[in-house]
Each structure stands twice: as structure tokens, then as C-alpha cells.
Amino acid sequence: MTALLDLASVSVSIGSAPLLDSISLRVDRGQIVGLVGESGSGKSLTAMAAMGLLPLIGGRVTGGNVRFDGQDMALMTDTQRRVLRGRRIGFVTQNPMTALDPVQRIGEQVDVVSRLHLGLPQAAARVRTLDLLTQLRIPDAASVAEAWPHQLSGGMKQRIVIAMALAGEPDLIIADEPTTALDVTVQAQIIQILGALVRDRGLALLLITHDMGVVAQVCDRVAVLYAGRLAEEGPVSDIFAAPAHPYTSALIGCIPQDGMAQGSLRGIPGAVPSALAMPPGCRFHPRCERASDLCRTVVPAPESCGQGTVACHHAGVIA
Amino acid sequence: MIAPVRALQRPQGGLAGLWLALVIAAALLAPILSPYAFDAQDLPNAYRPASAAHWLGTDEFGRDLLTRLVWGARTSLSVAATAIAISVFCGMVLGAAAAWFGGWLDRAVTVVVDLTWSFPEILIALILVAIIGPGTLGTMIAISVAYLAQFTRLTRAQILTLKGETFIEAARSLGASNGHILFRHLLPNALAPVLVSAMLATGDAIILEATLGFFGLGAQPPVPSWGGMMSAGSALVFKAPWIIIYPGLAVAITVVAINLYGDALIAALDIRQKLRRSP
Amino acid sequence: MLSWLIRRVLMLVPVFLAVSVVIFSILHFIPGDPIDNLLKPGSSPTARAEMEVRYGLDRPLPVQYGIWLSKVAQGDLGTAIVARRPVVDLIAQALPHSLRLGGFALLFSTVVGVGLGVIAALNRDRWIDRAIMGGVLAGSTMPSFWLGLILMLVFSVQLGWFPVSGARGWQSLVLPVLTIGLGGTALVARITRVSMIEASARDFVMLLHAKGLSPLRIQLRHVLRHALIPVVTILALRIGWILGGAVTVEVVFARPGLGTLLIKSLSQHDYPVVQACLLMLAMAVMLGTLLGDILQAAMDPRVRAALA
């Protein structure tokens, strides 16, 4: 079966800085895939590449290809790529506070998606908008549709952004850290709503997050990015049971047990290296307790490991 | 490397810098460079277009236009630059005082500044010259007052932003005096944007000086200034258009050069954000 | 909203009073006595004193101010000393000309400036952007009286398309409007370009792209709308600036108007007329700031929310 979204060895640069190195990632229909990594690991860049929006931030694909439903996005015309966005791929941004046009009413911002992509007339589009808002458990949808963005709370705005993502009846939703900017209590709600809607409609979801706890909660598969490279990828159940990559196990170790605090990565000493000063060999070696001389010189190739892949010279070995 | 030099390395900045250097050199060396005396009349040769003897032609009294243009640069540039220097100094003092002491002083300064800022500089200058009387000094004072609001506003905004920054808090908690903080920390940090905008304002001041000159209120004959030359030329524009064309071009090119160099300087200093408040 | 508007208009009253004091007092520092212009040389001091009493110039300044202000409030701007006519008449004659000139110049700078700014922003850093911004810069650095004369030389004298001077018919408006408008165009184009570029980098624009809207629609319907907010605000604030341009240009093209009237009465030391001209310009500036605030509120719901 063709994957819905298929990134095959995709490399991305912005200017002369290579930021993604041979990322392979696959999202099938109806599947929820988590993409995990610290800030600066290239998660958002992967999302931009998947939507063909790299030129907006001055980036370009330098290697590999991105396929949506079997079609190579590099071979599409600008218009084809544009229709793909909104119609087949819905996008949920990181910061809902700045995601909406501040001088346009909420309703119009949602309406436009179904008018544009489903060809609905204005009245029908509004009916659909109100229906979506209600499904997202927004009280008094009609008055929210008439409101301005500054009148809504962050959690409410994020629901609007989700409504816009759903309005074109897409097959895939890409959500880039949809809860980072929100209050902790609202975070759980948003994840729950998003997960439920995606499951109910049989949509695929690429959920970008730095929170392994969220991944365990909603995802089928997970891909772990480190410094622009894929560290490990596989089914959530397998990976949580037996993480093969030391970075993955460190990430899992960061999930707070009491469930109160947000997952933080303070557990791993050191920081993600800068794109301009990547260490040779395995990029994780300066922070890795399993690192050997091999890790310091030779880039580990991705190898299959159970139902997933892992890129580590010492995969699975417990230190 | 220092910013003014880095600005020269940008293509537009370099070209602009070259022209400005040329004009400033011409102004400074006018007595040596100019082929004739600026007031040397030669009535039989009046109204001559450009020729080998007079590269830019002659005016209604047969005076050499190139000579007068070079001497005019001396007057126009020095009037504009001096006026802006005075304006910057007073504006920085006023703006810093308003931002630093706040309270009624700040409110009074803000009201006056906002009011004058929305008035066209040319009107303020016209009225002031009418009070002080025409001539170089009157023009200079009028221009400096006309631009006072701009620098007061900018300095005030800079100081207000800086006031909240950590290093100022740190200096204060270490027991530094008001004067020390103001002169050692705040003003030096506010200096770059103010100086760049002063440079751009010098361009506008050259135009303003020329306009006052056009109304016959600037430097009085026989001292040549670009505005004065154009004032005389305006009556003869249909008979001998070159008399007015060259000084006008000199003003336009010089002001373009100042703007281009200023832009390069803004880019080199990376202070675009800081200048945003005073479009 | 209405209560805000009323408060905003009331705020103009003290400003107006302050401006009127400044205008009134400044003019009494102007050297040269208008009476001198009226008296025949060698007139007796008694004749002079009579004349001063007639124009109220013998009273103390604050009293003169009070009398002047109360008359202004009743629409009486006094009598022109040199022209010996009610100042209101002179203003009424001049104002429509200036308003027409200023209005068209404002329209021209807005339409052309926004247009050029948009084209430049859409083609950022390409040659067309450089060409537009270069041209606009060159246009704004020419002294307006000089530009006016050159335009006159080319289009009126050489080509004979437009009248050289005066204010008869629309043809006589073209060159003056162009002369003032070019300076304003530069300002508008520059602000439009910069705010378009800045607005394009805002987060919500990325989401508009992600929604599959066409880039042109995003630029024109969303980005430009945001970019216009600062353009309108600054334009409204600088209405006085455009009228200032009109002063010079009216003189160059020998058009009737506030500018010509102001310059003439300044040179004749005709206080009442100068005062009235300056008052008119001050009022235009104040109305401009008011208009700017209103337009800003109309264009930005966040501003409205802050005002409510």
C-alpha cells in the first residue's frame, strides 16, 4: 500500500546550513505518528518540508523526495501543491496566539477553507464552520464565529486552528507542537480533542512534540529526531517497551512519573549541537554514555530493528 | 571593523560615500579648487551654456556656475550640518532629561514635541526666519528648531527602552549616580540611532535650506548657496534653465547619496528596529 | 466608541488653545511693524497712534490675545491690515484652492505610493524593487520648488501640455499635484514596502499558506491590510506635511491658496492674515491626527477593543 505521506531520505538546507540529513518517515492512512525531538532537532522543518512550505522560510530540499499519496511533491506545480495544503493536509501551528489574522473575524477565517477547497457557497461554509466549532466543544459557536481573535483565549484559538485544519476534509493533519504555548490544563484537552477527532474520522496525524508522554498517550508509531537526523523509528508499544537508541531511552526517562509536570529534558546532560558545528560520527556521541571511538568517527546507518529502524552503533545494548 | 567603513563596502554605500567625499572636499577646498572667484562678474559672457571655459556655463552676471556651485556647497552643507548638530545636541539633552526624570517634565516635553512634529518643518522654519530675519544665522537656527522635535522624540524613546534593561538596573544597584548612568551608559547606547537619523536629517536640512533660499530668506547675496542660486535661477528658468538645473541636481544627488549611505550605515549597525519609531 | 470619539475631540481643545497662544505670541516677535506699511512716510506720531488704536495694537498682549481668541471663536478673524478686507474673506478665497491641491496630492501619493510599495514588496530584492525604490528616493530628494519648475519647463514650456501657472481648470492642477505628490509617494511607498515585508513574516501568514490560499490573495487580502494600518496612521499624521509642501508649490505655480497668502502676508507683516493662515494649517494638522486615530480604530479591532 502507498503511504499517505512518505519522506524518503529527505535532506533540507536553509541557505548554506544543512539542517535535515536523510530523514525517512512514513505516515499511513488512519495512523497517528509522533515526531519527537528537542528544539532545534528539525521537527518543524520536517513539517514544512511535508507541506512544501520550505520556500517561505528560505529553505529547500537538497536530497531525497517527499511523496504525498504516491505523488512526488517536487514534480507538482505550485498550484497543485497549494491545493494539497488545506484540502488534503491540514496544519495546526505551534502558537495559536499568533496564528490567526488579528483583523479578520474568526468565522471568516474558518469559512474560507471550505469555500476554497470544497467549493461551498458562503452560507453553507458558515454552517459547516459552526458545525466544526461545535464538534470541537466550543460553547456558543455562533458568537465565537463573529468574534475577533483577540477576544479568545489561547486554548480557544487552538481549537479554531484545528477547525481550520479539519474544514477542508483532509486525509492528513500535521500538528506542530499544538500544545506547547498553552496552559497545562488546556494541553490535555486539546490533545484529547485532536486525538478523538482524528480517530473518529479515520484521518492520519503527524504529531510533532517534545513530550514522550503525549506520544505514549495517542500515537501508533513514533520517530525520534536528533540534530537533524533520525535516531529511531518504530511502533510506540515496541519502542516504549525496549528503546534501542540511547537517546530514545533518555527521552522516555524524562517522562515525569507523577504526571504533573511537563516532560523536560533536563535528564540528558549537554545540549543539541548547532547546525554549524555538528560533531563528526554519530551526532549524539558527546552526550551519550555508550559512546565509543567508532561513534566519534563513523556515522551510524539506519538499520531495521524489529518493526522499526534505529541508527546507533550500540543499539539496544544496556550500558 | 567600524560601521562607517563597513557601510562603504556595500555597493550603494560605497558609491554614495564617494559622492559625499567629493562634495565635502569641494566645499572645504572651494577657494583652491574653483576656477574663478565666486563673485567675478563678466557681463559680456552672461547666460552662456556649458563650454570649455565655463564647464557648467554662466549666470545672469556672467559668473561661473561651477565656481558658485562649489562655493554653494560650502554654504549649504555647513548651514545644514551645523543646524542639525545644534538640533541633535539640544534634542538629546531634552529627550534624555524627559525620559530620565519623567513626571511633568516628560509630559510637557512630549506634548510640545508631538505638536511640533506634526507641523511641516518648512512652515516652522519660515515663521522662525521671519522672526529672526533672513540670512545664514537665521536659517541655521530655524532649521535646528524645525528638527528639534525629531531628535527629542528619538532620544526619549531610546532612553526609555534602555532604562528598563538589565545592565542599567545593575549599574543602579551598584550605586551609580544618575549622571554616571545617563552619560556613561544611556547616552552612548542611544547615540548610534540618533547619529544615523541626524545624518538622514542633514539631507532633509539641505533641501530645507535650499527652499528657504528659494524664498530669498537664506544666505544673502553675493555669498552663493544652492538655494540662493536656484532662487535667482527660478526667474530665468525659461531663458537659461541650466542656472537652476545644476544646483537642483547637486541638492538631489547629495541628498540621495546621504540617504543611500545612511541606509548602508543602518544595515551595518543593525539598528533598523531602533529607528522604527520615527518614520 | 462614541464616548471615546467625544473624549478624543475634547482633547483637541487644550491643544488648540496651546497652539493659538504660540501662534499669537510668536507673531508679535516678528520684527517690522505693519503700521509702517500703512502710513505714508513722514506721517505724524499722532496718525500712527490713531492707527494703532484702530487695530487694537496699543493694548497689552494678553488682552489682545483674549480679544482675538473670542473673535476667532465667533468666526471673526479680524481685518487684513494691508489688504483692508475681512481676513475671513481672504481665507475663504484661498482655502478651497489649497484643499483641492492638497486633497489631490494626498490621493495621488496614497494610490501611487501604495501601488509602488506593493509591487516593490512582492518583488523584494529583485531589480524591479530596486528600480522602484531608487526612483522613489530620487523623487523625494528633489526640492519641490525645483521639481515644480523643471516640470513646468518640460511639460508647459517645451511640450505645451499644461498651463504655466494659475488655477484655471483641471489642467492647471496636474503639475502642482504631481510636484507635491512625488514627495508623499516616496514616503507612502517606503512605509508600504517595509510594513508588507514585516507583515509577511508574521506567524499567521504561514498558516494562511498552510490553508492553501493563493500567495497573491494572501499578499493583497491579508498582508496588505496589515501593512495599510501604519501607512494610514502616518499619512494622517503628516497631512500638515503635505499642506506644507503646498505652500512652496503654490508660490512656484503662482496659484491662489493658503501658501501664497501666507508667504505674501509674512513679507507684508500682516499679522491677522498670518495668524489666520497658521490657525487653518494647525487645525488641518489636528484634524489629521484625529482622522488618523479614527481610521486606525476602523481598521484594527484590537485598537477598538483598547478604546472601548
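Residues numbered from 1 in each chain as written. Chains lettered and ligands numbered in written order. Predicted model: local features only at pLDDT ≥ 70, side-chain atom pairs only at ≥ 80, totals over all residues.

## A look at the overall build of chain B
Counting its secondary structure elements, chain B contains twelve helices and zero strands. Counted from the first residue to the last, chain B has its helices and strands arranged as α-α-α-α-α-α-α-α-α-α-α-α. Per-residue burial over chain B gives 51% buried out of 279 residues. (Helix = DSSP H or I, 4+ residues; strand = E, 2+ residues; numbered from the N terminus. Buried ≥ 20, exposed ≤ 12 C-beta atoms within 10 Å, placed from the backbone.)

## A few points about the overall build of chain C
Looking only at helices and strands, one finds 14 helices and zero strands in chain C. Helices and strands appear in chain C in the N-to-C order α-α-α-α-α-α-α-α-α-α-α-α-α-α. Within the span of chain C, comprising 308 residues, buried residues form 42% of the whole. Sequence separation of at least 24 residues holds for 73% of the intrachain contacts in chain C that already meet a minimum separation of 6. (Contact = placed C-beta atoms within 7 Å.)

## Topic: the sheet that holds strand 4 (residues 59-68) of chain A
Residue and element names in this part refer to chain A. Taken together, four strands build an open sheet; the order of strands is 2-1-4-5 and the sheet is antiparallel. Since the sheet does not close on itself, it has two edges, and those belong to strand 2 (17-27) and strand 5 (71-72), each with one partner. Pairing geometry for strand 4 and strand 5, over two bridges, is antiparallel. From the neighbouring strand, F68 faces strand 5, where its bridge partner is Q71. (Pairing = 2+ DSSP bridges.)

## A short note on unusual backbone geometry
Residues and elements named next belong to chain A. The residue E177 is not glycine, and still its phi comes out positive at about 45°. Position of E177 among the secondary structure elements: in the loop between strand 7 (172-176) and helix 7 (184-201). Note on E177: 22 C-beta atoms within 10 Å, which makes it buried. The phi angle at A227 is positive, at roughly 50°, despite the residue not being glycine. Topologically, A227 is positioned in the loop between strand 9 (221-226) and strand 10 (229-235).

## Here we look at helix 6 (residues 121-132) of chain B
For helix 6 of chain B, with twelve residues, the first-to-last C-alpha span of 16 Å sits near the 16 Å given by 1.5 Å per residue. The set of residues buried in helix 6 of chain B consists of B:E121, B:I122, B:L123, B:I124, B:A125, B:L126, B:I127, B:L128, B:V129 and B:A130. (Expected span 1.5 Å × (residues − 1).)

## Details of the interface of chain C and chain A
Across the boundary between the two partners, chain C contributes 19 residues, which contact 24 residues of chain A. Broken down by secondary-structure element, the contributors of at least two residues to the side of chain C that touches chain A are helix 9 (203-210), helix 10 (215-237) and helix 14 (301-307) of chain C. In terms of residue class, the side of chain C that touches chain A is built from eight nonpolar, five polar and six charged. (Nonpolar A, V, L, I, M, F, W, Y, C, P; charged D, E, K, R; others polar.)

## Observations concerning the interface of chain B and chain C
At the junction of the two partners, chain B supplies 30 residues and chain C supplies 31 residues. Put simply, the parts of the chain that give the side of chain B that touches chain C at least two residues each are helix 6, helix 9 (178-214), helix 10 (226-234) and helix 11 (242-269) of chain B. Counting residues per element, the side of chain B that touches chain C draws most heavily on helix 11 of chain B, at seven residues. Looking at side-chain class alone, the side of chain B that touches chain C contains 23 nonpolar, seven polar and no charged residues.

## Points about the confidence of the model for chain C
Residue and element names in this part refer to chain C. The pLDDT averaged across chain C works out to 82; a share of 93% of its residues lies at or above 70. Mean pLDDT values for the elements of chain C range from 64 in helix 2 (residues 34-38) up to 89 in helix 5 (residues 87-122). Interface scoring of the predicted complex returns ipTM 0.86; its pTM is 0.80. (pLDDT = per-residue confidence, 0-100.)

## A closer look at the packing of helix 8 (residues 171-200) of chain C against helix 10 of chain C
Residues and elements named next belong to chain C. Two elements in contact, helix 8 and helix 10, have axes separated by 8 Å at closest approach and are oriented at 140°. Considering the relative orientation of helix 8 and helix 10, their crossing is right-handed. Of helix 10, the residues touching helix 8 (which contributes V188, I191, T192, S195, M196, A199 and S200) are V223, L224, H226, A227, P230, V231, I234 and L235. Here the contact of helix 8 with helix 10 is built from residues that sort into eleven nonpolar, four polar and no charged. (Axes fitted to C-alpha atoms, helices over the stretch in contact; angles between N-to-C directions. Left-handed = near helix turned anticlockwise from the far one by under 90°.)

## Considering the nonpolar core
Judged by nonpolar contacts, the single largest core of 251 residues is most densely connected at A:A163, A:L172, A:I174, A:L206, B:A125, B:I143 and C:C277. By residue number, the principal contributor to this core is helix 11 of chain B, which donates 17 residues. For A:A163, the contacting residues outside a window of four places in its chain are A:V110, A:L132, A:L133 and A:L136. (Core = buried A, V, L, I, M, F, W, Y, C linked by C-beta atoms within 7 Å.)

## Focus on the environment of C:Q93
Residues and elements named next belong to chain C. Within the secondary structure layout, Q93 lies in helix 5. For Q93, a count of 13 C-beta atoms within 10 Å translates into the label partly exposed. C-alpha separation for the pair Q93 and L12, spaced 81 residues apart in sequence, amounts to 26 Å.

## A closer look at the pairing of strand 2 of chain A
Residue and element names in this part refer to chain A. The pairing of strand 1 (residues 5-14) with strand 2 spans seven bridges and is classified as antiparallel. The residue bridging V12 from the neighbouring strand is L20, located in strand 2. The antiparallel hairpin formed by strand 1 and strand 2 contains two residues in its connecting segment, where G15 sits at a positive phi of about 60°.

## Here's the deal with the sheet that holds strand 3 (residues 32-36) of chain A
Sheet strands pair by backbone hydrogen bonding; their relative direction is either parallel or antiparallel. Residue and element names in this part refer to chain A. Pairing is mixed across the open sheet formed by eight strands, whose spatial order is 6-7-8-3-9-10-12-11. Looking at the sheet topology across the chains shown, the edges are occupied by strand 6 (89-92) and strand 11 (303-305). The average angle at which neighbouring strand axes cross in this sheet is 25°, direction not considered. Across six bridges, strand 9 lies against strand 10 in antiparallel orientation. Bridge assignment links V222 to a residue of strand 10, and that residue is G234. Helix-sheet contacts for helix 6 (residues 154-167) involve strand 6 and strand 7, and the interaxial angle to strand 6 is about 170°.

## Quick notes on helix 2 (residues 78-87) of chain A
Where helix 2 of chain A is concerned, the buried positions are A:L84, A:R85, A:G86 and A:R87. Taken together, the buried residues of helix 2 of chain A touch helix 1 (43-51), strand 4, strand 6 and helix 3 (106-118) of chain A together with helix 9 of chain C.

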